[in-house]
Amino acid sequence: MAHKIIKSLLLLLVLLNLVSNCAHAAPQVPCFFIFGDSLADNGNNNNLVTAAKANYRPYGIDFPDGTTGRFTNGRTTVDMIGELLGFNQFIPPFATARGRDILVGVNYASGAAGIRDESGRQLGDRISLNEQLLNHAATINRLIQLLGTGKEATNYLNKCLFYVSLGSNDYLNNYFMPSYYTTSRIYTQDQYAKILIDQYSLQIRLLYLLGARKVALPGLGSIGSIPYSFSTLCRNNVSCVTNINNAVQPFNARLVSLVDELNRELTDARFIYLNTSGMSAGDPSMLGFRVIDTGCCPARSDGQCIQDSTPCQNRNEYVFWDAIHPTEAVNRFTASRSYNASLPSDAYPTDISHLVN
Ligand SMILES: *[C@@H]1O[C@H](CO)[C@@H](O)[C@H](O)[C@H]1NC(C)=O
Ligand SMILES: *[C@@H]1O[C@H](CO)[C@@H](O)[C@H](O)[C@H]1NC(C)=O
Ligand SMILES: *[C@@H]1O[C@H](CO)[C@@H](O)[C@H](O)[C@H]1NC(C)=O
């Protein structure tokens, strides 16, 4: 009899343990804050006056909630990094996060936004990195209300992951658009990379002063090689494509140096560089991608999908969803290698799984 009771108690314990493991496996960090552009935007631009928004079909065709404002067919890279961190919900966009929503973090990313305030201006409104930082200050005030004291809020923020990914629009929607912007007449490519990183450095240091202690900084991808650059910016001129890809290299090199400098100076924090361009080097067909030079949806002249157009069926075989943004299939691959590097060169000095643990 006693034997039977012990046996059923043991069984009960095992079941309880399993149930609690499934339902409440805590994420590896309490919160995840995202600063970025259209690669991470999850709806912040929906109510702005701009061409840079994606709250229409076929965007979101593979996303659980359908169209949300994400600039891809399914989940973004940060959505999938959130899943790998153990979050069982998506990090809410700043535009609609209310009340206790902000406890898991906030996504401030905005399509067309840049490190520089003016980048992306020709497309309409956008929330530049400087404004995203102001929005973060507003979040911190709300966090203080929720947690009780400034000290509690700071302790909380210290444990969170921060992901800051901008710069593409400072090239595509600024430097390489000389009819709208003067930067390419004022700065050489190397000077431009320097002034961008100098400004980025101040912005990231401000984030540190606001409590960030675990910070991931993705470099820029090969933005000359996206279909939009080839057809629109370069009018099918291959040396122009090479020129754009070369221009972002000093930006990435200086970002790596910045990571070293920040780790040296701010010793109670850790900063990592994610080697986005390195991850996409190599033969995409090895990963099952067959179409690398055109997007899956028919695109407008600005590179985004034509509203209500019919996209390709075999989306896992496409690198690009529209003429600018990668498919969910590529995002899954980027998220996985950012979280758990498969080559030592994927992340420097370490990957996200080591940054958070
Ligand atoms: C192609 O691009 C290169 C580099 O930007 C430029 O120097 C060259 O004049 C372009 N050629 C044509 C035919 O537009
Ligand atoms: C990024 O990846 C490329 C290609 O694998 C590699 O050559 C480069 O050294 C990497 N950069 C860093 C900072 O690790
Ligand atoms: C990380 O990736 C390696 C292979 O690259 C794999 O063996 C390992 O299980 C992965 N770890 C996690 C935590 O996903």
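So, a few notes on the structure that sits alongside this text. (Residues numbered from 1 in each chain as written. Chains lettered and ligands numbered in written order. Predicted model: local features only at pLDDT ≥ 70, side-chain atom pairs only at ≥ 80, totals over all residues. Heavy atoms only, no water.)

What to know about the state of the cysteines
Here the structure, examined in full by the defined rule, presents four disulfides. With a sulfur-sulfur separation of 2.0 Å, Cys297 is cross-linked through a disulfide to Cys305. As the torsion about the S-S bond is roughly -90°, the Cys297-Cys305 disulfide counts as left-handed. Accessibility classification places Cys297 together with Cys305 in one group, the buried group. (Disulfide = S-S within 2.5 Å. Buried < 20%, exposed > 50% of the residue type's maximum accessible area, 1.4 Å probe, protein only.)

Notes on the layout of surface pockets
Empty space within the second largest pocket amounts to approximately 200 Å³. Considering the residues around the second largest pocket, the lining is formed by 16 residues, among which Gly43, Asn44, Pro93, Ala95 and Thr96 are closest to the centre. For the lining of the second largest pocket, the class distribution of residues is eight nonpolar, seven polar and one charged. (1 Å grid on protein atoms, 1.4 Å probe; cavity = no way out; pocket = protein on both sides within 12 Å on 5 of 7 lines; lining within 4 Å. Points joined across faces, edges and corners; volume = space filled by probe spheres on them. Nonpolar A, V, L, I, M, F, W, Y, C, P; charged D, E, K, R; others polar.)

A look at the pattern of salt bridges
Under the definition given, this model contains 14 salt bridges. A salt bridge links Arg254 to Asp190; the nearest nitrogen and oxygen atoms lie 3.2 Å apart. Taken together, the residues span a long stretch of sequence, with Arg254 in helix H9 (residues 238-265) and Asp190 in helix H7 (residues 189-209) at a distance of 64 residues. What makes Asp190 partly exposed here is its relative accessible area of 40%. (Salt bridge = Lys/Arg side-chain N within 4 Å of Asp/Glu carboxyl O. Helix = DSSP H or I, 4+ residues; strand = E, 2+ residues; numbered from the N terminus.)

Focus: the environment of Ser342
Looking at the secondary structure, you find Ser342 in the loop between helix H11 (328-339) and strand S7 (347-348). Between the C-alpha atom of Ser342 and that of Met279, which follows or precedes it by 63 residues, the distance is 9.2 Å. Within the structure, Ser342 has its side chain in polar contact with the side chain of Arg337 (distance 3.1 Å). (Polar contact = N/O pair within 3.5 Å; in protein donor to acceptor, adjacent residues only side chain to side chain.)

Quick look at unusual backbone geometry
Across the junction of Arg57 and Pro58, the peptide omega takes the value 5°, indicating a cis bond. With respect to the helices and strands, Pro58 occurs in the loop between strand S1 (32-36) and helix H2 (77-84). With omega at -5°, the peptide bond leading from Tyr348 into Pro349 counts as cis. Positionally, Pro349 belongs in the loop between S7 and helix H12 (352-356). Residues other than glycine seldom take positive phi values, yet Arg235 does so here, at roughly 45°. Within the secondary structure, Arg235 sits in the loop between helix H8 (227-233) and H9. By relative accessible area, Arg235 is classed as exposed at 69%.

Looking at the side chain of Asn245
Within the secondary structure, Asn245 sits in helix H9. A polar side-chain atom of Asn245 sits 3.4 Å from the main-chain amide nitrogen of Ile223. Only 2.7 Å separates the side chain of Asn245 from the backbone nitrogen of Gly224, close enough to count as a polar contact. Apart from the residues lying within four places of it in its own chain, the contact partners of Asn245 are Ser222, Ile223, Gly224 and Ser225. (Contact = heavy atoms within 4.5 Å.)

Section: the sheet that holds S7
Strand order in the open sheet made by the five strands is S1-S2-S3-S4-S7, with mixed pairing throughout. For this open sheet the edge positions go to S1 and S7, each flanked by a neighbour on one side alone. The sheet contact formed by S1 and strand S2 (residues 161-165) spans five bridges and is parallel. Bridging from a neighbouring strand, Ile34 pairs with Tyr163 of S2. (Pairing = 2+ DSSP bridges.)

Remarks on the site of ligand 1
Lining the immediate surroundings of ligand 1 are Asn237, Ser239, Cys240 and Asn243. Within the side chain of Asn237, an N or O atom sits 2.4 Å from an oxygen atom of ligand 1. Within the contact set of ligand 1, an oxygen atom lies 3.4 Å away from a side-chain nitrogen or oxygen of Ser239. Within the complex, the protein chains bury 30% of what would otherwise be the 360 Å² of accessible surface of ligand 1. The residue inventory of the shell around ligand 1, partitioned by class, reads one nonpolar, three polar and no charged. (Near = heavy atom within 4 Å. Areas by Shrake-Rupley, 256 points an atom, 1.4 Å probe, with all protein chains shown as cover.)

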